[in-house]
Amino acid sequence: MNPDPKSMPDPSAMISVRNLSKLYKDFIALDRISFDVQRGEKIVVLGPSGSGKSTLIRCFNRIEPHDSGILSIDGQVINAQSDLTQLRATVGLVFQNYNLFPHLSVLDNCTLAPRLVKKTPRAEAEAMAMRFLKQVNIAEQANKYPIQLSGGQQQRVAIARALCMQPEVMLFDEPTAALDPEAISGVVAIMNDLAQQGITTLCVTHEMGFARHIADRIIFMDKGRILEITPPAEFFTNPKTQRARDFLDQMISY
Amino acid sequence: MTHSMAQFMRRCPFRLRPRVLAAALGGALAIAGSALAADPDLPGFIHDGTLTVCTNPTLPPMTFVNGTDVNAVDGIDMDIAHRLAEYWHVPMVVTTMDFTGLFPSLAAQRCSMVASGIIKLPDREKNFDAVSYQDTALVVVARAGTPPLSSMTDLSGKTVAVQSGTSYSARLAKENEALAQAGRAPIIIQQYPTEDQVVQQVLIGRVFAFASQDVELYYRQEQLHGKVNVILVPPYPEYRHFALYIRKNAHDRELLEQAIATMGQNGQMAAIQKKWAISPDAAKALAHTPPAPMFRWDTFFSALTSTAFMRGAFITLAVAVLSHFTAIMISIPMALALNGRDSLLKMVLKGYVSVFRGAPTLLQLLFIWNALPQFLPVFREAWFTPFLATWLSLSINESAYQVEINRAALGAVDKGQELAGDALAMSRRQVYRHVIFPQALRIALPPTINEFISLLKTTSLASVISLQELLAVTQIQVARTFEFTEYYAAALVYYLGMVFFFLFLQKRVERRFAWADRHKATANES
Ligand SMILES: Nc1ncnc2c1ncn2[C@@H]1O[C@H](COP(=O)(O)OP(=O)(O)OP(=O)(O)O)[C@@H](O)[C@H]1O
Ligand SMILES: [Mg+2]
């Protein structure tokens with residue numbers, strides 16, 4: 001299942017990384033990571049706090065540029081010369097704390113980037129935004145400001161905002177962190193929806209039930225390294241590494 | 001009072017002796033020569049064919065604003081300047097400014113000559129050439145009813161007010177040396193920037209006496225309604241002549257002396273003197289007019305509605321708005337650079353901010369107006385008006401404060417906002433323009449309006465570089481009429497009106513940022 005780190009990136013994969021490393025000064029945040037994600041796949045990234053999960057997914061839209069190794073998105077190698085606008089229009093990211101624009105209404109949050117970046121006419125952008133807001137069940141809040149929404153509602157706006165750029169990959173950084181079980185099942189429904197539309201999703205989470213439910217494959221990280229890439233059934237019942245076993249034990253005991 | 005006033009009138013009557021004795025001989029030859037030529041020889045201080053006269057119009061009857069139009073300077077000095085311009089067949093321009101700015105402006109070649117009722121003194125003649133045109137005498141004046149003094153030593157231990165920049169304080173200091181040697185208490189000297197304030201100190205009883213010139217006091221009798229009298233005419237050999245000042249140049253001085261001598265001969269001088277002379281009898285009659293009421297409402301209201309005050313307020317507002325706008329424009333890129341990576345530029349900017357926050361605003365204004373032309377001659381040309389100078393220095397000064405507001409506001413915008421913009425494929429410009437600036441604006445706006453209100457009041461400092469803003473207009477009117485309370489009250493109404501308007505605006509603007517406040521946002525919704 002794991003690709004050979006020395007091989008060339010897989011051009012047919014949506015995301016393909018080989019020996020990807022990222023340093024903060026002399027601290028190794030990502031250590032020679034290699035894996036492929038196929039189109040429409042749903043990947044969940046698990047791992048203890050500080051293991052490099054956020055750093056990893058932020059490399060995919062180059063919000064955190066990597067230091068060495070090869071990153072290929074949709075068959076294109078990403079480096080300092082890449083067209084970031086095109087990359088970021090392809091790869092959407094939903095932040096852990098949403099980072100909605102507080103000075104804009106929900107609708108304007110969703111239409112700002114399409115109008116500025118893709119020059120979509122306002123009416124068209126708004127129609128599309130309403131479609132995605134409906135998809136995440138929040139259309140009736142379109143004219144409110146973010147500050148007037150609950151955490152779960154803001155989360156869904158953040159997803160709709162990312163979808164408005166019509167990305168092929170969606171990256172989620174702990175989308176369930178601040179949500180109650182009911183809201184979590186809402187997010188699950190949304191992700192299943194996205195998968196059906198052929199959108200590739202990578203999701204960082206601490207929610208084991210959610211991970212088991214949604215993932216095609218689980219990536220387990222520790223100290224900047226990938227220790228396991230396995231389907232959830234296998235990962236949760238029979239983890240290969242002692243580190244993953246300890247991690248799961250801890251998760252269950254809490 | 002009547003006794004001492006009469007004595008004053010006898011000893012220093014408002015009689016003007018044309019000062020022709022010395023100049024007549026030398027002048028006669030020159031006049032004979034110039035009669036042949038079409039034009040008299042033009043002195044070097046007439047730049048670009050214009051006679052530029054600098055004056056501080058607060059010393060009637062020599063130089064003052066004799067009406068509500070602050071640009072119309074009147075008085076003996078102006079009449080003489082007009083005759084001189086005619087004599088040389090050149091146009092004349094009057095530039096008004098603070099008294100302390102006159103000599104620096106002359107040195108900076110901003111004026112051809114200073115004609116501002118200034119006494120001919122050897123000290124001043126070290127740096128400038130002086131040509132006298134009018135006789136006078138120094139007088140010590142106190143409130144009506146004060147018994148006359150027999151000598152200057154009688155002022156020991158008493159407070160005397162003088163106009164700053166005049167030579168009176170130096171003369172009184174000399175008096176103090178003598179007093180100290182005799183083991184007596186010195187005269188306490190208080191200096192005020194305008195002559196009217198000097199007189200006011202005596203009227204309100206804060207100081208015992210003031211030093212002035214007989215000519216001025218004579219003119220003031222009308223306004224002072226017999227509230228003061230001359231208590232002493234010290235027998236000083238100096239303080240006998242008013243003089244025109246020019247930059248040192250023996251040839252120019254000779255030409256000016258010739259011109260004055262010619263005016264003495266052809267009767268022009270006598271005509272001017274007659275025009276401004278008031279008979280001692282008229283002065284006596286005025287001295288018995290009943291005292292003025294405490295507050296003249298008609299003066300107050302006519303000041304409020306006068307074009308002079310409206311113009312002054314408009315200039316105040318205009319220079320404040322323009323300066324603050326420029327300051328904001330400068331300070332935004334400055335704030336971005338200061339919030340960015342360490343660099344040489346950042347160090348330079350830090351220095352800029354410390355210097356302009358550290359130095360007093362008044363000093364910066366004076367520096368730009370008086371010192372800058374010494375280094376860069378373009379700044380002494382006519383295009384560099386007091387308005388431009390104020391605009392320039394307040395913009396620079398304000399940008400040093402505004403940059404801190406901008407930095408704090410930019411820093412207060414959550415870093416995640418920039419990341420979110422990046423992640424949505426927006427360009428750097430778009431992120432700043434549509435995401436960061438609107439949020440920083442809300443944070444910066446209340447302190448920015450506070451800054452503006454403070455700047456609006458700071459503009460009053462520009463009166464020292466002769467900008468005709470609200471306070472300068474007020475002071476000129478006060479100098480003319482001595483109606484302090486009424487004109488100060490009118491100025492106060494204007495300042496408060498402007499400030500309250502901007503405070504009201506601040507409230508309105510804050511309400512627009514509903515998105516920042518859950519309750520307001522919800523209230524707007526319903
Ligand atoms: N900008 C940065 N500068 C220096 N170190 C950083 C920076 N960002 C992250 N790190 C370090 O890199 C490591 C990985 O961080 P990352 O945020 O990817 O962890 P994570 O797995 O997402 O953790 P969590 O589950 O707590 O979100 C951490 O040790 C963190 O301290
Ligand atoms: Mg994280």
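Values in this document were obtained by computation on a predicted structure and should not be read as measured data.

Q: Please explain the sheet that holds strand S12 (residues 228-232) of chain B as it appears in this structure.
A: By way of backbone hydrogen bonds, the strands of a sheet pair with one another, either parallel or antiparallel. Residue and element names in this part refer to chain B. With mixed pairing, the 5 strands of this open sheet are ordered in space as S10-S9-S11-S8-S12. Only two strands of the sheet have a single neighbouring strand rather than two, namely strand S10 (188-192) and S12. Averaged over all pairs of adjacent strands, the angle between their axes in this sheet comes to 40°, without regard to strand direction. Pairing between strand S9 (residues 159-163) and S10: 5 bridges, direction parallel. Residue pairing across strands places Thr-159 opposite Ile-188, the latter belonging to S10. Strands in contact with helix H7 (residues 195-203) are strand S8 (138-143), S9, S10, strand S11 (209-213) and S12; relative to S11, the strand with the most contacts, it is inclined by about 140°.

Q: Explain the packing of aromatic side chains here, please?
A: One pair of aromatic rings is described through two measures. These are the centre distance and the angle between the planes. Considering all chains together, one arrives at 26 aromatic pairs over all chains under this definition. Geometrically, the ring pair formed by Phe387(B) and Trp391(B) is edge-to-face, given 6.5 Å between the ring centres and 75° between the ring planes. Separated by 4 residues within a single helix, Phe387(B) and Trp391(B) lie in helix H16 (residues 386-412), roughly one turn from each other. Through a chain of ring-to-ring contacts, the aromatic side chains of Phe220(A), Phe235(A), Phe236(A) and Phe247(A) assemble into a single cluster. The ring of Phe132(A) has Arg131(A) lying over it, and the distance from NZ or CZ to the ring centre is 5.8 Å. The ring of Phe236(A) has Arg212(A) lying over it, and the distance from NZ or CZ to the ring centre is 4.6 Å.

Q: Just checking my understanding: could you explain the UniProt feature "domain: ABC transporter" (unreviewed entry) in chain A for this structure?
A: As annotated in UniProt, the feature "domain: ABC transporter" (unreviewed entry) corresponds to residues 15-248 of chain A in the numbering used here. The distance from the first to the last C-alpha atom of residues 15-248 of chain A is 27 Å, and the span holds 38% helix and 26% strand.

Q: Explanation requested: the domain arrangement of chain B in the structure shown.
A: Accessible area lost during the coming together of the parts is what is often quoted as the interface size. All names here are of chain B. Structurally, chain B comprises domain 1 (2-134 + 240-287), domain 2 (138-232) and domain 3 (300-525). Roughly 1,600 Å² is buried in total at the junction of domain 1 and domain 3, and carbon and sulfur atoms are behind 54% of that figure. Viewed at the interface, domain 3 and domain 1 are joined by 0 salt bridges. For the pair domain 1 and domain 3, the number of links is 4 residue pairs in polar contact (both at pLDDT 80 or more). Looking at side-chain class alone, the side of domain 1 that touches domain 3 contains 7 nonpolar, 9 polar and 2 charged residues.

Q: Before we go on, may I ask you to explain the interface of chain B and chain A in this structure?
A: Between chain B and chain A, the residue contacts involve 23 residues of the former and 28 residues of the latter. Together chain B and chain A conceal approximately 2,200 Å² of surface at their shared face, both sides included; 65% is due to carbon and sulfur atoms. Inspection of the chain B/chain A interface yields 0 salt bridges. Linking chain B with chain A are 5 residue pairs in polar contact (both at pLDDT 80 or more).

Q: Where do I start with helix H4 (residues 122-135) of chain A in this structure?
A: Note: α-helices contain 3.6 residues per turn, so residues at a spacing of three or four share the same orientation. All names here are of chain A. Between its first and last C-alpha, H4 extends 20 Å over 14 residues, near the 20 Å set by a 1.5 Å rise per residue. For H4, the complete set of buried residues consists of Ala-125, Met-128, Ala-129, Phe-132 and Leu-133. Angular distribution of buried residues about the axis of H4 spans 140°; they occupy a single face of the element. H4 presents Ala-123, Glu-124, Arg-131 and Lys-134 as exposed residues on the side facing more than 90 degrees away from its buried surface. Residues of H4 that are buried in the fold lie against helix H3 (106-117) and helix H5 (151-163). Just past H4, the residue Asn-137 takes up positive phi, approximately 65°.

Q: It is not clear to me how the nonpolar core should be interpreted in this structure. Could you clarify?
A: The nonpolar side chains of a soluble globular protein tend to be buried, and buried together. If you look at the biggest cluster of nonpolar residues, it comprises 58 residues, and the most contacted ones within it are Ile15(A), Ile33(A), Phe35(A), Phe60(A), Ile73(A), Leu202(A) and Met426(B). The greatest single-element share of this core, amounting to 5 residues, is contributed by helix H18 (residues 428-458) of chain B. Judged by nonpolar contacts, the second largest core, of 54 residues, contains Tyr87(B), Leu179(B), Val215(B) and Ile272(B).

Q: It is not clear to me how unusual backbone geometry should be interpreted in this structure. Could you clarify?
A: Excluding glycine, residues mostly carry a negative phi; peptide bonds, for their part, are mostly trans. Residue Pro61(B) is reached from Pro60(B) by a cis peptide bond, and omega for that bond is 0°. Topologically, Pro61(B) is positioned in the loop between strand S2 (58-59) and strand S3 (63-65). Look at Asn99(A): it is not a glycine, yet its phi comes out positive at around 50°. In this structure, Asn99(A) sits in the loop between strand S6 (91-94) and H3. On the basis of relative accessibility, which here comes to 5%, the residue Asn99(A) falls in the buried class. Positive phi values are uncommon outside glycine, yet Ser466(B) reaches one of about 75°. Of note, Ser466(B) is situated in the loop between H18 and helix H19 (470-481). Overall, Ser466(B) belongs to the buried group, its relative accessible area being 7%.

Q: What is the right way to look at the site of ligand 1 in this model?
A: Residues and elements named next belong to chain A. Taken together, 13 residues are adjacent to ligand 1, and Ser-49, Gly-50, Lys-53, Ser-54 and Thr-55 come closest. With respect to ligand 1, the side chain of Ser-49 contributes an N or O atom lying 2.5 Å from an oxygen atom. Residue Ser-51 places a main-chain N or O atom 3.2 Å away from an oxygen atom belonging to ligand 1. Contact with the protein chains covers 61% of the free accessible surface of ligand 1, which is 630 Å². When residues of the shell around ligand 1 are traced back to their parent elements, those giving at least two are strand S2 (27-37) and helix H1 (53-60). For the shell around ligand 1, the element with the highest residue contribution is H1, accounting for 3 residues.

What counts as what
- Residues numbered from 1 in each chain as written.
- Chains lettered and ligands numbered in written order.
- Predicted model: local features only at pLDDT ≥ 70, side-chain atom pairs only at ≥ 80, totals over all residues.
- Heavy atoms only, no water.
- Pairing = 2+ DSSP bridges.
- Helix = DSSP H or I, 4+ residues; strand = E, 2+ residues; numbered from the N terminus.
- Axes fitted to C-alpha atoms, helices over the stretch in contact; angles between N-to-C directions.
- Contact = heavy atoms within 4.5 Å.
- Phe/Tyr/Trp six-rings, centres within 6.5 Å; stacked < 30°, edge-to-face > 60°.
- Lys NZ or Arg CZ within 6 Å of the ring centre and 35° of its normal.
- UniProt positions renumbered as here; feature names shortened; annotations may be inferred.
- Domains from an automatic or database assignment.
- Buried area = accessible area lost by both parts, 1.4 Å probe.
- Salt bridge = Lys/Arg side-chain N within 4 Å of Asp/Glu carboxyl O.
- Polar contact = N/O pair within 3.5 Å; in protein donor to acceptor, adjacent residues only side chain to side chain.
- Nonpolar A, V, L, I, M, F, W, Y, C, P; charged D, E, K, R; others polar.
- Expected span 1.5 Å × (residues − 1).
- Buried < 20%, exposed > 50% of the residue type's maximum accessible area, 1.4 Å probe, protein only.
- Arc of directions from axis to C-beta.
- Core = buried A, V, L, I, M, F, W, Y, C linked by side-chain atoms within 4.5 Å.
- Near = heavy atom within 4 Å.
- Areas by Shrake-Rupley, 256 points an atom, 1.4 Å probe, with all protein chains shown as cover.

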